[in-house]
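# Secondary and tertiary structure notes
Spelled out from the first residue to the last, the chains are:
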Amino acid sequence: MAPTWKKAGLWLALAGVFLLAFIYAPIPGLQSPHQKSVGWSDEAEQARLRNNQAARFEQIRQARNLQRPFPEMKIRPDNPTTLEKIELGRLLYFDPILSGDNDISCAHCHHPDLGFSDNRGRSMGRGGKGIGPERKGGAVLRRGAPTIWNAAYNHAQFWDGRARDLEDQARSPIQDPSEMAQDTTELVNELRAIPEYVTLFQNAFGGSMEEAVTFQNVVYAIAAFERTIISNNSRFDRYARGERDALSPAERRGLNVFRSLKTRCFECHNFSTFANPDFKVIGVPDLPGQEPDLGRGEIDGPAYNRAFKVPTLRNVALTAPYMHNGVFSTLEEVIDFYAGGGGRGLGLDVPNIDDKIRAFGLTKQEKQDLIAFLHALTDESNKPDIPDRVPSGLPVVPRLQNRSPELAVFQQQPVRRKRVRLQRVGRRVIVRPGQSIQAGIDMASAGDTVLVMPGVYHETLTLDISGITLIGHEVNGERPVLDGRNELADGLIGSGSQVEIRNFVIKNYTANGLMLNGAVDVTFRDLYCENPGLYGVYPVECVNVLIERCTVTGARDAGIYVGQSRDIVVRDSKAFGNVTGIEIENCVNALVENNEAYDNAGGILVFLLPNNPSKVSVGCRVINNRIYANNHENFADPHAIVSKVPSGSGLLILAADEVEATGNDIRDNQSFGLAVIGLDMVFGPGARYDVDPVPERNWFHGNRYENNGFAPQGMIKEMGFEGRDIIWDLSGYDNSWDEPGASSMPAVLPKKSWPDLVRRANWRFWQLLMRLLG
């Protein structure tokens, strides 16, 4: 008997080994429990992103209206800024000794009088004569010189981001054979031969001549100088600090166009840097005869082909021509490019173009206003002096007249300000039909209420002051109506904190109903939005958001959308007849409760999408909502990600983490009641992301399902899936369901109580089965 038991034990042990290998070991074609898609690393990266997002929300809390704190400068621990380094760096910046032929300084391509650029579409390197647009005879580079203004805040340097900081950046052009073509050893020897430089280096870095005068200290000093080239006192900045007359009426209207969801400028060029740490694909055309420039794709692979750094718009009027190759001469040409849909609008094949690049229309006035606002970002108050001489004795660049083509065509519009006085009763400003609500807002101060009487008001409101309550007064069931007449882009745009907007009808706008950006403690209550544009209620990058008793219908994206925000409550609201009813995107700590979502293409969505300021979506609770009959045709822009939401979607969880959904009534949705999927389901296998693409640690329990999945649509149908109450694409093994009686795919879903081993085994089994079935 003993040998038989031993054999049995051996077989059991072997079976256990094979089982553990099946569960834990990598198997070609199957995902391991902790494997992410291409481009994603590990849990440490996820923790880093969460920490970064927490810091970002803290910045929002510290902001005051449009006055946002600048991000922390990237400063190397071994290169703290000192006055001695700054002065040494200034002299080196303007000294041609940095070039192999002693004829080119940094200022030849980044001249202070030319917006710290060179007014050329593509810069000219070694062998050229002259400065800026007059420079001729040298090697023409394939890209233009980015401005140094606020480069200290860049997430990475160069158009393709190949340098991690200013120190790293400075090394490249000095040594590049096509640019300054200097040998670093020769440069150090030249500098050591100049007593004045030796003293300056020793004052800045200490030590002997050999220790102080090094190539590393050359680039460290230049970087220290470049960190002083900061633009932060434009007329826009004065307006952001509360000087309401700092911007002209045209510039204020232009600020609204800039923030409008028609143009979406602010989503990539947000305050305060007017830049973005991401690399974006917009489809900039190559110049005739130029080899295709793949941009970031040359650094990070094909997924980033034609992606380039999002540059700052501060001092943008000084730095034309525009884009990495100077293909556009004026801001009007740039705006026309975006309005046409970017490269796609030019007929170019740009499969990975950014989701936000969509065609839009602007009136002549809107375009003029937008350009006027971009000119209001000009500020050269911190422009450093060009030294009269440098220690090498070589010629220093002269002062120049800026030759930006944009300055040549722009004509400042005359400022006409119309002062309107409205009735004030204590802390209330009263607006009556025939008067302007905006005039009431402009009269108000923190703690005031703007009370709007019933009537129809045709205007776009700007709300950039805090502590304001904007209330529509109801008389015999009639409320004030904001009506865009299908001509105006937005109902309200602003950044004010401690704001409540209550009891209005908003309808017939082309871009958006109500939008607040970067605000804290905001309330939207008792609003009715009809045909509002892309979104009805749209707080983005906000902290402490309450949306209560609001109704939205006819939105071409989401009726109620909260994006890149934290601490959110959406309750007792209704969304119908939209592309999607309620969408919580890239947010932290949201409660969606007691809402009604019906007759949309998708009912309630909790998303984590790539290429957004927030890189996490975590902690959303979806409780006691009615999500039914969301079978409307999806009428979104076909280039928008939301166009991929299948008609008949009830509750859709896309790559979000730690979502809890319970007590919801989910029925009569033709594709599915609940779907939990990863980003690969939408973007395809092999896509690269800057977020975790896998939904994890979500729990669904105690929901009621009835008659879902009876006629699958969209990607559910295209992938050959049958409709179900619950669909899971097997992304994230640690999701849990306690939903007795619900139909599902796969047929067995892990429960909250399952031990980790059983959970993994079930997850791997269904993976293998789905692979075998194709």
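A brief report on the enclosed structure follows. Keep in mind it's a predicted model, so treat the numbers as computed, not measured. (Residues numbered from 1 in each chain as written. Predicted model: local features only at pLDDT ≥ 70, side-chain atom pairs only at ≥ 80, totals over all residues. Heavy atoms only, no water.)

Moving on, we come to the overall build of the protein chain. In terms of regular secondary structure, the protein chain is built from 21 helices and 36 strands. Here the C-alpha atoms of the protein chain give a radius of gyration of 29 Å, agreeing with the 28 Å that 2.2 N^0.38 yields for 774 residues. With the principal axes as the frame, the protein chain shows a C-alpha extent of 95 × 90 × 50 Å. Looking at the protein chain as a whole, 59% of its 774 residues qualify as buried. Counting contacts in the protein chain only where the partners sit at least 6 residues apart, residues at least 24 apart contribute 62% of the total. (Helix = DSSP H or I, 4+ residues; strand = E, 2+ residues; numbered from the N terminus. Rg over C-alpha atoms; globule rule 2.2 N^0.38 Å. Buried < 20%, exposed > 50% of the residue type's maximum accessible area, 1.4 Å probe, protein only. Contact = heavy atoms within 4.5 Å.)

Attention now moves to the sheet that holds strand E33 (residues 704-706). Spatially, E6-E9-E12-E15-E18-E21-E24-E27-E30-E33 is the arrangement adopted by the 10 strands of the open sheet, whose pairing is parallel. Of all strands in the sheet, those with a lone pairing partner are strand E6 (456-457) and E33, marking the two edges. Pairing of strand E18 (residues 551-553) with strand E21 (residues 574-576), which is carried by 3 bridges, proceeds in the parallel orientation. Residue pairing for E21: Val 552 is matched across the bridge by Ala 575. (Pairing = 2+ DSSP bridges.)

What follows deals with the environment of Gly 297. With respect to the helices and strands, the residue Gly 297 is situated in helix H13 (residues 297-300). The spacing of Gly 297 and Ile 666 is 369 residues in sequence and 43 Å in space, taken between C-alpha atoms. The contacts of Gly 297, once residues within four sequence positions are left out, are Pro 302, Tyr 304 and Asn 305.

Another aspect to go through is the packing of aromatic side chains. Scanning all chains against the criterion turns up 28 aromatic pairs. Their ring planes at 20° and their centres at 5.5 Å tell us that Phe 236 and Phe 271 sit as a pair that is stacked. Taken together, the positions of Phe 236 in helix H10 (residues 235-240) and Phe 271 in the loop between helix H12 (265-268) and strand E1 (276-281) put the pair 35 residues apart, joining distant regions of the chain. As far as burial versus exposure is concerned, Phe 236 and Phe 271 are alike and both buried. Through a chain of ring-to-ring contacts, the aromatic side chains of Tyr 93, Phe 94, Phe 116, Trp 149 and Phe 225 assemble into a single cluster. For the cation-ring pair, Arg 162 lies above Phe 158, with the distance from its terminal atom to the ring centre recorded as 3.8 Å. We note Arg 296 situated over the ring of Phe 279; from NZ or CZ to the ring centre the distance is 4.4 Å. (Phe/Tyr/Trp six-rings, centres within 6.5 Å; stacked < 30°, edge-to-face > 60°. Lys NZ or Arg CZ within 6 Å of the ring centre and 35° of its normal.)

Take unusual backbone geometry next. A negative phi angle characterises most non-glycine residues, just as the trans form characterises most peptide bonds. Note that the residue after Phe 271, namely Ser 272, is joined by a cis bond; omega there is 5°. Relative to the assigned elements, Ser 272 resides in the loop between H12 and E1. The peptide bond linking Ala 320 to Pro 321 adopts the cis configuration, its omega dihedral lying at 0°. With respect to the secondary-structure elements, Pro 321 resides in the loop between strand E2 (307-310) and helix H14 (331-339). In this structure, Asn 102 takes a positive phi of about 55° despite not being glycine. Since its relative accessible area comes to 26%, Asn 102 is described here as partly exposed. A positive phi angle, close to 50°, is found at Ala 181, a residue other than glycine. Position of Ala 181 among the secondary structure elements: in the loop between helix H5 (166-175) and helix H6 (184-192).

Summarising the element assignment, Val 188 is placed in helix H6. On the basis of relative accessibility, which here comes to 10%, the residue Val 188 falls in the buried class. For the pair Val 188 and Gln 216, spaced 28 residues apart in sequence, the C-alpha separation works out to 9.9 Å.

Turning our attention to H6. Along H6, the residues that are buried comprise Leu 187, Val 188, Glu 190 and Leu 191. Projected down its long axis, H6 shows its buried positions confined to an angular sector of 160°, all on one face. Here the buried face of H6 lies against helix H3 (83-93), H5, helix H7 (195-205) and helix H9 (215-226). Its side-chain oxygen placed 3.2 Å from the backbone nitrogen of Thr 185, Asp 183 serves as the N-cap of H6. (Arc of directions from axis to C-beta. Polar contact = N/O pair within 3.5 Å; in protein donor to acceptor, adjacent residues only side chain to side chain.)

The next point concerns the sheet that holds strand E34 (residues 724-728). Here 11 strands make up an open sheet; going across it, the order is E7-E10-E13-E16-E19-E22-E25-E28-E31-E34-E36 and the pairing parallel. The open sheet has two free edges, formed respectively by strand E7 (461-463) and strand E36 (744-745), since each of these has just one partner strand. By the bridge criterion, 5 bridges tie strand E22 (residues 580-585) to strand E25 (residues 602-607) in an arrangement that is parallel. Each bridged residue has a counterpart across the sheet, and for Glu 585 the counterpart in E25 is Phe 607.

A separate point is the nonpolar core. If you look at soluble globular proteins, the nonpolar side chains tend to sit buried side by side. Formed by 76 residues in total, the largest nonpolar core has its most connected members in Ile 437, Leu 470, Ile 501 and Phe 524. Here this core gets 4 residues from one element, more than from any other, and that element is helix H18 (residues 437-443). Those residues in contact with Ile 437, other than ones at most four positions away along the chain, are Val 431, Val 452, Tyr 457, Glu 459, Leu 461, Leu 470, Leu 482 and Phe 504. With 49 residues, the next largest nonpolar core counts Leu 66, Phe 236, Val 350 and Tyr 561 among its residues. (Core = buried A, V, L, I, M, F, W, Y, C linked by side-chain atoms within 4.5 Å.)

A few words now on the pairing of strand E26 (residues 618-623). Judged from the 5 bridges that link them, strand E23 (residues 588-593) and E26 form a sheet pairing that is parallel. Following the sheet pairing, Val 588 is matched in E26 by Val 618. As judged from the 3 bridges shared by E26 and strand E29 (residues 660-662), these two strands associate in the parallel manner. By the bridge assignment for E29, Ile 623 is matched with Thr 662.

Let us look at the environment of Leu 318. By the element assignment, Leu 318 lies in the loop between E2 and H14. Residue Leu 318 is classed as buried on the basis of its relative accessible area, which comes to 6%. When the C-alpha atoms of Leu 318 and Glu 406 are compared, they prove to be 7.3 Å apart, with 88 residues separating the residues in sequence. Setting aside residues up to four positions removed in sequence, Leu 318 forms contacts with Leu 114, Gly 115, Asn 119, Thr 378, Glu 380, Asn 402, Ser 404 and Leu 407.

On to the packing of helix H11 (residues 249-259) against helix H16 (residues 364-375). Remark: H11 packs on H16, axes separated minimally by 7 Å, with the N-to-C direction vectors making an angle of 100°. If you check the angle between H11 and H16, you find them roughly perpendicular. Residue-level inspection shows Ala 250, Glu 251, Arg 253, Gly 254, Leu 255, Val 257 and Phe 258 of H11 in contact with H16, the latter providing Gln 365, Glu 366, Asp 369, Leu 370, Ala 372, Phe 373 and Leu 374. Its residues assigned to classes, the contact of H11 with H16 shows 8 nonpolar, 2 polar and 4 charged. (Axes fitted to C-alpha atoms, helices over the stretch in contact; angles between N-to-C directions. Parallel < 35°, antiparallel > 145°, perpendicular 65-115°, else oblique. Nonpolar A, V, L, I, M, F, W, Y, C, P; charged D, E, K, R; others polar.)

What follows deals with the pattern of salt bridges. Overall, the coordinates contain 48 salt bridges when judged by the stated rule. Between Asp 101 and Arg 126 there is a salt bridge, with the nearest N and O atoms lying 3.1 Å from each other. Taken together, the positions of Asp 101 in the loop between H3 and helix H4 (106-109) and Arg 126 in the loop between H4 and H5 put the pair 25 residues apart, joining distant regions of the chain. Arg 549 is paired through a salt bridge with Glu 548; the nearest N and O atoms lie 3.7 Å apart. A cluster of three or more residues bridged by salt bridges with shared partners is formed by Glu 500, Arg 502, Arg 525, Asp 526, Glu 548, Arg 549 and Arg 571. (Salt bridge = Lys/Arg side-chain N within 4 Å of Asp/Glu carboxyl O.)

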